[in-house]
Amino acid sequence: MEPEGITEEQATNVPQSAASKLSQMGERTKQLGNAIQEPERQKRIILVIVCVALLLDNMLYMVIVPIIPDYLEGLQKAADQEQSAAAPHTNSTNSTIHKAPEGNFDLQIGVLFASKAILQLLVNPLSGTFIDRVGYDIPLFIGLNIMFLSTLTFAFAENYATLFLARSIQGLGSAFADTSGIALIADKFTEESERSKALGIALAFISFGSLVAPPFGGVLYEFAGKQAPFLILACICLTDGVLCLTVLKPFSNRERGNMPVGTPIYKLMIDPYIAVVAGALIVCNIPLAFLEPTIANWMEENMHSSEWEIGMTWFPAFFPHVLGVYLTVKLAGKYPHLQWFYGAIGMVFIGASSCTVPACKNFGQLMIPLCGICFGIAFVDTALLPTLGFLVDVRYVSVYGSVYAIADISYCVAYALGPIVAGQIVHDLGFVQLNLGMGLANVLYAPALLLLKNVTQMKPSFSERNMLLEDGPTGLYDTIKMEQREKKRKGLCTTIDENGIETFVQRSHSDGESSGGEYA
């Protein structure tokens, strides 16, 4: 009888213990949700989400470098074998007619590599406007979903057309994820010092993804097959998408109608300061974009390099890139008015390093100029990306989708031309002339950054903003705000008397105004 009583008591306590555990779980989930929504902690989580998205995009961009040429060559050999088996009576002279010429094969690979940047280049003007209209979280989530679809397509693609589709889909996803991610960082980190630090961290993840992806993809492709690296990246992308959905809650029913209206992208493009920054981003990335598709063949012909040396060509350059980001962030924190100078130093580094690449005789020597190129790119990117956000803050409205779409367009111009144009330049002019031309272009462009010398001295001004936008204040609200600004400039402040009428009285002390408060 006693065991039966104990059993009944246990049966009675089971629902109570289950309810207690559920209550504890609910309480912990609520505490976790409150902790996530805490502003400082949320900023860090958002930075992690964006950095993982940028890491994934650049790993997927570069992971195909050791995989796709070999895979396509295998498909071509299999097709040739099937063709020769189907027509055994064909003589050896005729059998060579159907084989793809080597030049045509290289062109196919170049077009495949460039398709991502080309589509991203075409979509970016639209994605920047879309981000300005709906905010940063929905485009980021859309971009992660498209990148997930692209990665799965890469994993199961079995012909050139499907690979081309996967690469193009990736460009579409990158146009949303990259631009909205960088813009989200600029929006959340409003102080110039912390914005530079956050963007520097994001650039370090971009560099790590680009440089670690080729050995990562090559090793997994060799020992686990083509699908393995893409499936791993797809799982990481899915996890980042779930985290984005949980933390940012892009489809929550919050009010979006009170968002400030961003400046049209075409008006930002004709701004002389933004145009100088965009030009610098294009020129400084050309050496990296043009060397990636051409340096492997040059190393084979001139250095007789092994496969592992070619695969590890860019990996050591990750460390000077991170060092360049770190130094620029530290210098910008102490001397923020010299951002233009850091960018100019970076371009000189890139130019000098690019010119010395053809003089290298072995793998060890080649590492020095390649590290110099990545070190210089780190200086330029880390100095100029925060400058774009600052220019929008002081000259326009603090909405960052379109301005960072322009930055993304600048990168895409270099990386769209690289796989297609670089090989032809090497064929017509030579590898030495290519590097000398790229180095000279960087050195000659560096003085143009002098135009940015006085950017940090700019202050937000409604009159300047309205002049640039070619329209005056629209509506009663803008007119009242401008009148209040004029009164404050004359030393007056607003008070409300007992009848509810707003009047202006002399201020006893000057109130500090935030640099971007009028635009928020």
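Residues numbered from 1 in each chain as written. Predicted model: local features only at pLDDT ≥ 70, side-chain atom pairs only at ≥ 80, totals over all residues. Heavy atoms only, no water.

## With respect to the overall build of the protein
Definition in use: Secondary structure elements follow DSSP: runs of H or I no shorter than four residues count as helices, runs of E no shorter than two count as strands, and numbering proceeds from the N terminus. Accessibility here uses a 1.4 Å probe with only protein chains present; expressed as a share of the type maximum, an area under 20% marks a residue as buried, one over 50% as exposed, and anything in between as partly exposed. Working rule for contacts: check all heavy atoms of both residues, and any pair within 4.5 Å makes them a contact. For accessible areas, the Shrake-Rupley method is used with a probe of radius 1.4 Å. Any residue's cover is judged against the shown protein chains and nothing else.
When its secondary structure is counted, the protein shows 20 helices and two strands. Among the 520 residues that make up the protein, the fraction classed as buried is 48%. Pairs at least 24 apart in sequence give 82% of the contacts found in the protein among residues at least 6 apart. Per element, the accessible surface of the protein, about 25900 Å² overall, is 63% carbon and sulfur.

## Some words on the pattern of salt bridges
The following threshold applies: Salt bridges are identified by distance alone: a Lys or Arg side-chain nitrogen within 4 Å of an Asp or Glu carboxyl oxygen.
Enumeration over the complete set of coordinates arrives at four salt bridges. Residue lysine 43 is joined to glutamate 194 by a salt bridge in which the shortest nitrogen-to-oxygen separation is 3.5 Å. One end of the pair, lysine 43, is in helix 2 (residues 39-63); the other, glutamate 194, is in helix 8 (residues 192-224), and 151 residues separate them in sequence. On the accessibility criterion, lysine 43 (13% relative accessible area) is buried. Take glutamate 194: its relative accessible area is 25%, and that puts it in the partly exposed class.

## Observations concerning the environment of alanine 155
One can find alanine 155 in helix 6 (residues 137-156). Between the C-alpha atom of alanine 155 and that of alanine 166, which follows or precedes it by 11 residues, the distance is 9.3 Å. For alanine 155, the contacting residues outside a window of four places in its chain are Lys226, Gln227, Phe230 and Leu231.

## Some remarks on the packing of aromatic side chains
By convention here, two paired aromatic rings are described through the distance between centres and the angle between planes. This is how it is decided: Only Phe, Tyr and Trp rings are paired, with Trp represented by its six-membered ring, and only when their centres lie within 6.5 Å; those with planes under 30 degrees apart are stacked, over 60 edge-to-face, the remainder tilted. Note on geometry: a ring has a charge over it if NZ (lysine) or CZ (arginine) is within 6 Å of the ring centre and within 35 degrees of the ring normal.
Taken as a whole and assessed by the stated rule, the structure comprises 10 aromatic pairs. Seen in terms of ring centroids, tyrosine 61 and tyrosine 415 are 5.8 Å apart; in terms of plane orientation they differ by 90°. Their pairing is edge-to-face. Placement of tyrosine 61 in helix 2 and of tyrosine 415 in helix 17 (residues 401-428) is noted, with a sequence separation of 354 residues between them. When the centroid spacing of 6.4 Å and the interplanar angle of 25° are considered together, the rings of tyrosine 160 and phenylalanine 164 count as stacked. Of this pair, tyrosine 160 and phenylalanine 164 both sit in helix 7 (residues 160-188), four residues apart, which is roughly one turn of that helix. Take phenylalanine 164: its relative accessible area is 31%, and that puts it in the partly exposed class. Joined through ring pairs, the aromatic side chains of Phe208, Phe318 and Phe319 make up one cluster. Here the guanidinium or amino end of arginine 167 rests over the ring plane of phenylalanine 113, the centre of that ring lying 5.6 Å away.

## Notes on the side chain of threonine 328
Assignment of secondary structure puts threonine 328 in helix 14 (residues 318-334). Not counting chain neighbours up to four residues away, the residues in contact with threonine 328 comprise Tyr342, Ala378, Phe379, Thr382 and Ala383.

## Considering helix 3 (residues 68-86)
What counts, and what does not: Take the number of residues in a helix, subtract one, and multiply by 1.5 Å to get its expected span.
The terminal C-alpha atoms of helix 3, which comprises 19 residues, lie 27 Å apart, in line with the 27 Å expected from a rise of 1.5 Å per residue. Ile68, Tyr71, Leu72 and Asp80 are the residues of helix 3 that are buried.

## Focus on the environment of tyrosine 221
Looking at where tyrosine 221 falls in the secondary structure, it is placed in helix 8. The sequence separation of tyrosine 221 and tyrosine 71 amounts to 150 residues, and the corresponding C-alpha distance is 9.7 Å. For tyrosine 221, the contacting residues outside a window of four places in its chain are Pro66, Ile67, Asp70, Tyr71 and Lys226.

## Let's talk about the nonpolar core
Stated precisely, the cut-off is as follows: Put simply, a nonpolar core is a bunch of buried Ala, Val, Leu, Ile, Met, Phe, Trp, Tyr and Cys residues held in one set by side-chain atoms that sit within 4.5 Å of each other.
Leu140, Leu366, Leu370, Leu385, Leu388, Tyr404 and Leu452 are the most contacted members of the largest nonpolar core, which has 128 residues in total. Here this core takes 17 residues from helix 16 (residues 363-395), the largest share from any one element. Residues contacting leucine 140, with those up to four places away along its chain left out, are Ile49, Val50, Ala53, Ala177, Ser180, Gly181, Leu184, Cys244 and Leu248. The next biggest cluster of nonpolar side chains, apart from the first, holds five residues, and it includes Ala332, Tyr342, Phe379 and Ala383.

## Topic: the confidence of the model for the protein
The criterion, for reference: Note: pLDDT gives the predictor's confidence per residue, expressed from 0 to 100.
Per-residue confidence for the protein gives a mean pLDDT of 78; residues scoring 70 or more make up 75%. Every residue in residues 91-100 is under pLDDT 50, and counting partners more than four places away or in other chains gives five contacts. Taken together, the stretch residues 462-479 has pLDDT below 50 and engages in 23 contacts with residues farther than four places along the chain or on a different chain.

## Quick look at the packing of helix 11 (residues 272-291) against helix 15 (residues 339-356)
A packed helix pair is summarised by two numbers, namely the angle formed by the two axes and the spacing between the axes. Worth spelling out the cut-off: Axis definition: a line fit to C-alpha positions, over the contact stretch in the case of helices; interaxial angles, taken between N-to-C directions, run 0 to 180 degrees. With respect to orientation, any angle under 35 degrees is reported as roughly parallel, any angle over 145 as roughly antiparallel, any angle of 65 to 115 as roughly perpendicular, and every other angle as oblique. Definitions for this section: a left-handed crossing has its near helix turned counterclockwise from the far helix by less than a right angle. A right-handed crossing has that turn clockwise. Under the scheme applied here, ten amino acids are nonpolar (Ala, Val, Leu, Ile, Met, Phe, Trp, Tyr, Cys and Pro), four are charged (Asp, Glu, Lys and Arg), and all others, including Gly, are polar.
Following both chains from N to C, one finds helix 11 and helix 15 inclined at 30°, their axes separated by 10 Å at the closest point. With respect to their mutual orientation, helix 11 and helix 15 come out roughly parallel. The two elements helix 11 and helix 15 meet at a crossing, and its hand is left-handed. Counting all contacts with helix 11, which are made through Ala280, Val283, Cys284 and Pro287, the residues of helix 15 involved are Met347, Ile350 and Ser354. Here the contact of helix 11 with helix 15 is built from residues that sort into six nonpolar, one polar and no charged.

## Comments concerning a nonpolar patch on the surface
Short version of the rule: The patches described consist of residues with a relative accessible area above 30% and no salt bridge, like charges being joined within 9 Å and nonpolar side chains (Val, Leu, Ile, Met, Phe, Trp, Tyr) within 5 Å.
Side chains of Leu323, Tyr326, Leu327, Leu331 and Tyr335 sit close together on the surface and give an oily, nonpolar patch of about 450 Å² of accessible area. Along the chain, the position of tyrosine 335 falls in the loop between helix 14 and helix 15.

## A look at the side chain of serine 174
You can see serine 174 is positioned in helix 7. With a relative accessible area of 0%, serine 174 lands in the buried category. In contact with serine 174, other than residues within four places in its own chain, are Asp57, Lys116, Gln120, Met147, Thr179 and Asp408.

## Quick word on the state of the cysteines
In a disulfide, the sulfur atoms of two cysteines are held together by a covalent bond. How we decide: Disulfides are defined as pairs of cysteine sulfur atoms found within 2.5 Å of each other.
Applying the stated rule across the entire model yields zero disulfides. Considering cysteine sulfurs only, cysteine 371 is the nearest to cysteine 374, which forms no disulfide, with 7.0 Å between them.

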